[in-house]
Amino acid sequence: MTIKKTKLLQNTSSFAFDFINLTKAVTTFFSNLVRTRIFNSDAKRGPLFISWLCTYRCNADCLFCNASEMNKLHPETLSLERSLEIAHQIGRAKTWVVGFTGGEVLLWPYLFDVIHVLKQYGVNVYIITNGMLLKQNVEKIIDAKVDAVVVSIDSLDPQEHDYNRRRKGLYDFLIEGIKYLKEKRKGEKPLIKSMSIFSRRSYLNIEETITQLLKIVDVASIQPIVSDYVNSPHGIKKEEITSFFPEVEEESAIKNALGRLIKKFSFFNNFYFKNIPTYWFHPERLLKIKCWAPFLRLLIMPDGNVVHCAANSKYSSVGNLKDMTLMEVWNGPEIKRHREELRRGENNCICWSQDVSFNAFLYSLSLMNRLPVFKKHFR
């Protein structure tokens, strides 16, 4: 249990939590799977994970991100009052983890008001930031009892990092912010985690990058470059960022680089990280992996629209929290229709970003792959 729990946390946000919190998570997990995956009936509890994409506004312009285009499609239209009510609904629904991402979350004016509400219910909270505004928000982060801060760091070369993010000086700002947060926090909370894009540009140096990052942060992780995600900032067309995607002849070198990383750092030794090359070069081999998203997870957009899938265009909004409650969306007819397709294995898609890496984690568990009730296709 400890080993598998550690792997799950490395793939999400590496929280430190107590027995009561873990019990709540396990109860929500199995309650949802029984009611939604097996019977496709109403859930008594809300989603285990929620990604709240609170804003698509950003003070960077990353080469591999289309947040500016997403901001046109999903502008911030949730009021403070409504955002706080949604936070109460999330807490009452027994959600385990809420991650705030964007865009740059520290530009959202309601962020800390909403987090304060979530913490009243014991919800684990993490934020993902590019670090530009980190230092000036450290006191607010600590006061709100944020559990983890995830900072995007692509390279230890300031010029390379700033080039990828198209924001001069960003590297220096984020390093200064991390140091200040470590100085001001009490103990190891919030946990500080770095997230690096694993790509054609970075794989040769990835072992050294992680080695050096672990001198700066508590946890260091990687995420493969992805593209064409319709409900996510990862929506840049592959042909627009070809320099980040490896060529076919680089497959062996990438496997070797990843192998060295796994050998040096055991926390990368799991199904998700091992199969990054498979996702890039042979994605059809991963279609056997079931999608668990609509049974465990929701994404809230800045305009209140809710989706469960970041990648597949056929799975659009399942409701809007401006005029529906969280549980009305979670038990609504549209998400049940999506669940039925996935129960039958008709989605025929695969995604490999870290925010949905629990698909890979669950696939690696014997329980989910051997019990007939979870393997059965409802045809």
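Notes on the structure follow.

Rules used throughout
- Per chain, the residues get numbers from 1 upward, laid out in the order the sequence is written.
- Per-residue local features are limited, in this predicted model, to residues with pLDDT of at least 70; the limit for side-chain atom pairs, both in listing and counting, is 80 or more; totals at the level of whole chains, interfaces and linings are taken over all residues.
- In computing side-chain properties, one takes all heavy atoms of the structure into account and sets aside hydrogens as well as water.
- Every helix listed is a DSSP run of H or I at least four residues long, and every strand listed is a run of E at least two residues long, numbered separately from the N terminus.
- Radius of gyration: over C-alpha atoms. The globule rule applied is 2.2 Å multiplied by the number of residues raised to the 0.38 power.
- Type-normalised accessible area, obtained with a 1.4 Å probe on protein chains alone, sets the label of each residue: buried when under 20%, exposed when over 50%, and partly exposed for intermediate values.
- Residues count as neighbours in contact if any of their non-hydrogen atoms are within 4.5 Å of one another.
- Surface accessibility in these figures is a Shrake-Rupley result with a 1.4 Å probe; residues are shielded only by whichever protein chains are displayed.
- Charge assignment: positive for Lys and Arg, negative for Asp and Glu; neither His nor the chain ends contribute.
- Note on charges: their place is set at NZ of Lys, CZ of Arg, CG of Asp or CD of Glu.
- Cysteine sulfur atoms are paired as a disulfide whenever they fall within 2.5 Å.
- Here the nonpolar core consists of buried residues drawn from Ala, Val, Leu, Ile, Met, Phe, Trp, Tyr and Cys, with membership extended through side-chain atoms lying within 4.5 Å.
- Here a pair means two rings of Phe, Tyr or Trp (six-membered ring of Trp) with centres within 6.5 Å. Their orientation is stacked below 30 degrees between planes, edge-to-face above 60, and tilted elsewhere.
- In this analysis the charged atom, NZ for Lys or CZ for Arg, is taken to sit over a ring once it is within 6 Å of the ring centre and within 35 degrees of the ring normal.
- Under this definition, polar contacts are N or O atom pairs within 3.5 Å; protein pairs additionally need one hydrogen-donor-capable and one acceptor-capable atom, and for neighbouring residues in sequence, both atoms have to be side-chain atoms.
- Both cavities and pockets are sets of points on a 1 Å grid over the protein atoms alone; in a cavity a 1.4 Å probe fits but cannot get out, in a pocket the set is open with protein on both sides within 12 Å along at least five of seven lines, and lining residues sit with an atom within 4 Å of a point.
- Grid points are joined across faces, edges and corners, and a volume is the space filled by probe spheres set on the points.
- Charged means Asp, Glu, Lys or Arg here, nonpolar means Ala, Val, Leu, Ile, Met, Phe, Trp, Tyr, Cys or Pro, and polar covers whatever is left, Gly included.
- Take the number of residues in a helix, subtract one, and multiply by 1.5 Å to get its expected span.
- DSSP bridges decide pairing: two strands pair if at least two such bridges lie between them.
- The rule for a salt bridge is simple: a side-chain nitrogen of Lys or Arg has to be within 4 Å of a carboxyl oxygen of Asp or Glu.

Tallying secondary structure elements over the protein gives 18 helices and 9 strands in all. The globule rule puts the C-alpha radius of gyration for 379 residues at 21 Å, and the 20 Å found for the protein is close to it. Its C-alpha atoms give the protein principal-axis dimensions of roughly 50 × 50 × 40 Å. Taking all 379 residues of the protein together, the buried fraction comes to 59%. Pairs at least 24 apart in sequence give 73% of the contacts found in the protein among residues at least 6 apart. Total accessible area on the protein is roughly 16,100 Å²; 53% of this is exposed by carbon and sulfur atoms. Taken together, the 53 basic and 39 acidic charged side chains of the protein have centroids lying 8 Å from each other.

What follows covers the state of the cysteines. Per the counting criterion, the structure on display carries 0 disulfides. In this structure Cys62 is not part of a disulfide, and its nearest cysteine sulfur, from Cys65, lies 5.5 Å away.

Next up on the list: the environment of Leu107. The topology assignment puts Leu107 in the loop between strand S2 (97-102) and helix H5 (111-120). Note on Leu107: relative accessible area 26%, which makes it partly exposed.

Another aspect to go through is the nonpolar core. Soluble globular proteins tend to bury their nonpolar side chains together. By size, the foremost hydrophobic cluster in this structure holds 123 residues, and its most contacted members are Trp52, Phe100 and Ile222. Leave out the neighbours within four places in its chain, and Ile222 touches Met195, Ser196, Phe198, Ile206, Ile210, Leu258, Leu261, Phe268, Phe273, Ile276 and Gln354.

Tallied over the entire structure, the rule returns 17 aromatic pairs. Consider the rings of Tyr272 and Phe273, whose centres lie 5.0 Å apart with planes at 75°: the pair is edge-to-face. Look at Tyr272 and you get buried, because its relative accessible area is 1%. Grouping aromatic residues by their ring pairs yields a cluster made of Phe265, Phe267, Phe268, Phe271, Tyr272, Phe273, Tyr279, Trp352 and Tyr363. The residue whose ring lies beneath Arg37 is Trp292, and the NZ or CZ to ring-centre distance is 4.4 Å. Its guanidinium or amino end placed over the ring of Trp330, Arg339 lies 4.5 Å from that ring's centre, counting from NZ or CZ.

To continue, consider the side chain of Thr36. Mapped onto the elements, Thr36 comes out in helix H2 (residues 19-38). Accessibility expressed as a relative area gives 0% for Thr36, which makes it buried. Within the structure, Thr36 has its side chain in polar contact with the backbone oxygen of Asn32 (distance 2.5 Å). With residues up to four places along the chain from it excluded, the contact list for Thr36 reads Ser41, Ala43, Phe295, Arg339 and Arg343.

Left-over empty space is what a probe sized like a water molecule reveals as it rolls over the atoms. Within this structure, the stated rule accounts for 3 cavities of 30 Å³ or more. If you add up the space inside the largest cavity, you get close to 790 Å³. In this structure, the largest cavity is lined by 44 residues; those nearest its centre are Thr101, Gly102, Ile128, Gln223 and His234. Elements with a contribution of two residues or more to the lining of the largest cavity: strand S1 (49-55), S2, strand S3 (124-129), strand S4 (148-152), strand S5 (191-198), strand S6 (219-224) and strand S7 (297-300). Space inside the second largest cavity adds up to approximately 110 Å³. Among the residues forming the lining of the second largest cavity, the class breakdown is 10 nonpolar, 3 polar and 1 charged.

Turning our eyes to something else, we now look at H2. Between its first and last C-alpha, H2 extends 27 Å over 20 residues, near the 28 Å set by a 1.5 Å rise per residue. Listed in full, the buried residues belonging to H2 are Asn21, Lys24, Ala25, Thr28, Phe29, Ser31, Asn32, Leu33, Thr36, Arg37 and Ile38.

This part is about the sheet that holds S1. The mixed open sheet is built from 9 strands, whose spatial order is S6-S5-S4-S3-S2-S1-S7-S8-S9. Two strands close off the open sheet at either side, each with one partner strand: S6 and strand S9 (319-320). Taken together, the 6 bridges between S5 and S6 define a ladder with parallel strand orientation. Bridge assignment links Ile197 to a residue of S6, and that residue is Gln223.

We now examine the pairing of S7. Two faces, one strand: in a regular strand the side chains alternate between the faces of the sheet. The alternating pattern of S7 places Arg297 and Leu299 and Leu298 and Ile300 on opposite faces, both of which are buried. With 4 bridges connecting them, S1 and S7 associate as parallel partners. Note that in S7 the partner of Trp52 across the bridge is Ile300. Both S7 and strand S8 (residues 305-307) contribute to a ladder of 2 bridges, which runs antiparallel. Within the sheet, the bridge partner assigned to Leu299 lies in S8 and is Val307. The loop that links S7 with its antiparallel partner S8 comprises 4 residues; one of these, Gly304, has a positive phi angle of about 90°.

Per the counting criterion, the structure on display carries 21 salt bridges. In this structure, Arg165 engages Asp154 in a salt bridge whose closest nitrogen and oxygen atoms are separated by 2.8 Å. Placement of the pair is Arg165 in helix H7 (residues 158-165) and Asp154 in the loop between S4 and H7, with a sequence separation of 11 residues. Like Asp154, Arg165 is buried. Notably, a salt bridge pairs Lys314 with Glu341, separated by 3.0 Å at the nearest N-O pair. Here the residue Lys314 occupies a position in the loop between S8 and S9, and Glu341 occupies one in helix H15 (residues 333-343), the gap between them amounting to 27 residues.

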